Amino acid sequence: MGTDGSTMLEPLGALRRGLPPVDPSAVSSTASCALPARYEAVRCAREFSRRTLADWEALERFDDICLVVSELVTNALRHGLPANAPHGQDPPVRLHLMHWSSRVVCAVRDPSDDSPVAQEVDIEDDFSAESGRGLFLVDSFADSWGWHPLAGALSGKVVWALFRL
C-alpha cells in the first residue's frame, strides 16, 4: 500500500474499498506491530493500540477502536492464515495505526487473498451465537471500513477501519 493511496484498487463491491487518497504530509503519526499466529496476539494488539492512542492523545474513540482492532485481528488469525503455516517465519499478521488530526485508521494485514465475508446477523433469532459477528461489529463501530488486496511482492490483503475523532 502506497503512502499516498495510489496502489488502491477501484471498488469492486460493497466490502472492497481502498482508503481514500490522502496527502502523506497530512499524516501526523503512524505505528505498527507484528503479531504472531496465536490468539494471544489479540490482547497484544489491544495493548499496542491503547499505548499508541494514549501517546497520540487520541483516546476519545478508544473503546470503539480497540473493539474493532480485536475483531480485525481475530478475523485475520481465524480466516487469513493458511492451515499449514510454518512456525518460525516472520509474523504473518501486522497491525498498522495511522493518525491524522481528525481521524485514526487501523489496518490489519494478513497473507490470505480471500475477501472478508460479512455474515448476515439476525440478533433476534441468534442472540447467543459466539462467533460470526466480527464484520458486523466493525461496520457498527467504525465510521467506514473496507479492504484491498496487496500488490507487488506482498501477497495477502489489508482490512481497514476509519474512525473520525
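The following paragraphs examine the structure supplied in this document. Numbering of residues begins from 1 in every chain and follows the order in which that chain's sequence is written. In view of the model being predicted, local features appear only for residues whose pLDDT reaches at least 70, and side-chain atom pairs are presented and counted only at 80 or more, with totals across whole chains, interfaces and linings using the full set of residues. As a rule here, side-chain values come from all non-hydrogen atoms in the structure, and water together with hydrogens is ignored.

Our next topic: the overall build of the protein. Put simply, DSSP marks the helices as runs of H or I at least four residues long and the strands as runs of E at least two long, and each gets a number from the N terminus on. Looking only at helices and strands, one finds three helices and five strands in the protein. Element order for the protein, N to C, with α for helix and β for strand: β-α-α-β-β-α-β-β. A buried classification covers 39% of the 165 residues belonging to the protein. Expressed as a percentage of contacts within the protein between residues at least 6 apart in sequence, the contacts between residues at least 24 apart total 63%. Only the protein chains shown count as covering a residue, and every accessible area follows the Shrake-Rupley method with a 1.4 Å probe. For the protein, the computed accessible surface area is about 9300 Å², with 49% contributed by carbon and sulfur atoms. Accessibility here uses a 1.4 Å probe with only protein chains present; expressed as a share of the type maximum, an area under 20% marks a residue as buried, one over 50% as exposed, and anything in between as partly exposed. Note on definitions: a residue-residue contact is assigned when non-hydrogen atoms from the two residues lie within 4.5 Å.

Criterion for a disulfide: a pair of cysteine sulfur atoms within 2.5 Å. According to the stated counting rule, one finds zero disulfides in the structure shown. Of all cysteine sulfurs, the one in Cys106 lies closest to Cys66, which takes part in no disulfide; the gap is 9.2 Å. Owing to a relative accessible area of 6%, Cys66 belongs among the buried residues under this scheme. On the basis of relative accessibility, which here comes to 0%, the residue Cys106 falls in the buried class.

Nonpolar cores were defined as sets of buried Ala, Val, Leu, Ile, Met, Phe, Trp, Tyr and Cys residues, with membership established by side-chain atoms within 4.5 Å. Counting residues in hydrophobic clusters, the biggest one holds 33 residues, and the most contacted among them are Leu35, Leu72, Val73, Leu95, Cys106 and Ala161. Listed by contribution, the elements that provide at least two residues to this core are strand E1 (29–35), helix H1 (40–55), helix H2 (62–79), strand E2 (93–99), strand E3 (103–110), helix H3 (134–141), strand E4 (144–149) and strand E5 (157–164). Those residues within four positions of Cys106 in sequence are excluded, and the remaining contacts are Val68, Val69, Leu72, Leu95, His96, Leu97, Val159, Trp160, Ala161 and Phe163.

Only strands joined by at least two bridges in the DSSP assignment are considered to pair. Sheet architecture is open: five strands sit in the order E1-E2-E3-E5-E4, paired in antiparallel fashion. The two strands at the open ends of the sheet, each matched to only one other strand, are E1 and E4. Across this sheet, the average inter-strand angle for adjacent strands is 15°, counted without regard to direction. Pairing geometry for E1 and E2, over seven bridges, is antiparallel. The residue of E2 that forms the bridge with Leu35 is Val93. Lying over the sheet, H2 contacts E1, E2, E3 and E5, oriented at roughly 15° with respect to E3. Angles here are taken between N-to-C directions and fall from 0 to 180 degrees, while the axes themselves are lines fitted to C-alpha atoms, restricted in helices to the stretch in contact.

For the rest of this paragraph, the subject is H1. Here H1 contains 16 residues, and its C-alpha end-to-end distance of 23 Å stays within 8% of the 22 Å for a straight helix at 1.5 Å per residue. For H1, every residue scored as buried is listed here: Ala41, Val42, Ala45, Phe48, Ser49, Thr52 and Leu53. Along the axis of H1, the buried residues cluster in a sector spanning 125°; they form a single face. Turning to H1, the residues buried within the fold contact E1, H2, E2 and E3. What a helix is expected to span follows from its residue count: subtract one and scale by 1.5 Å. Picture the helix axis, draw a direction to every C-beta atom, and the arc is the one those directions span.

Remark: H1 packs on H2, axes separated minimally by 9 Å, with the N-to-C direction vectors making an angle of 150°. H2 is crossed by H1, and the crossing has right-handed handedness. Mapping the contact onto sequence places Ala41, Val42, Ala45, Arg46, Ser49, Arg50 and Leu53 in H1 and Phe62, Ile65, Cys66, Val69, Ser70, Val73, Thr74 and Leu77 in H2. Basically, the charged four are Asp, Glu, Lys and Arg, the nonpolar ten are Ala, Val, Leu, Ile, Met, Phe, Trp, Tyr, Cys and Pro, and anything else, Gly included, counts as polar. In terms of residue class, the contact of H1 with H2 is made up of ten nonpolar, three polar and two charged. Working rule for handedness: look at the near helix, and if it is turned counterclockwise from the far one by less than a right angle, call the crossing left-handed; if clockwise, right-handed.

The next subject is the pattern of salt bridges. Salt-bridge detection follows one rule: a side-chain nitrogen of Lys or Arg within 4 Å of a carboxyl oxygen of Asp or Glu. Summed over all chains, the structure comprises six salt bridges. Of the charged contacts, one joins Arg164 and Asp143 as a salt bridge, the two residues approaching to 3.9 Å between their closest N and O atoms. You can see Arg164 sitting in strand E5 and its partner Asp143 sitting in the loop between H3 and E4, a full 21 residues away along the chain. A relative accessible area of 35% means that Asp143 is categorised as partly exposed. One network of salt bridges, with partners in common, ties together Arg61, Asp64, Asp143 and Arg164.

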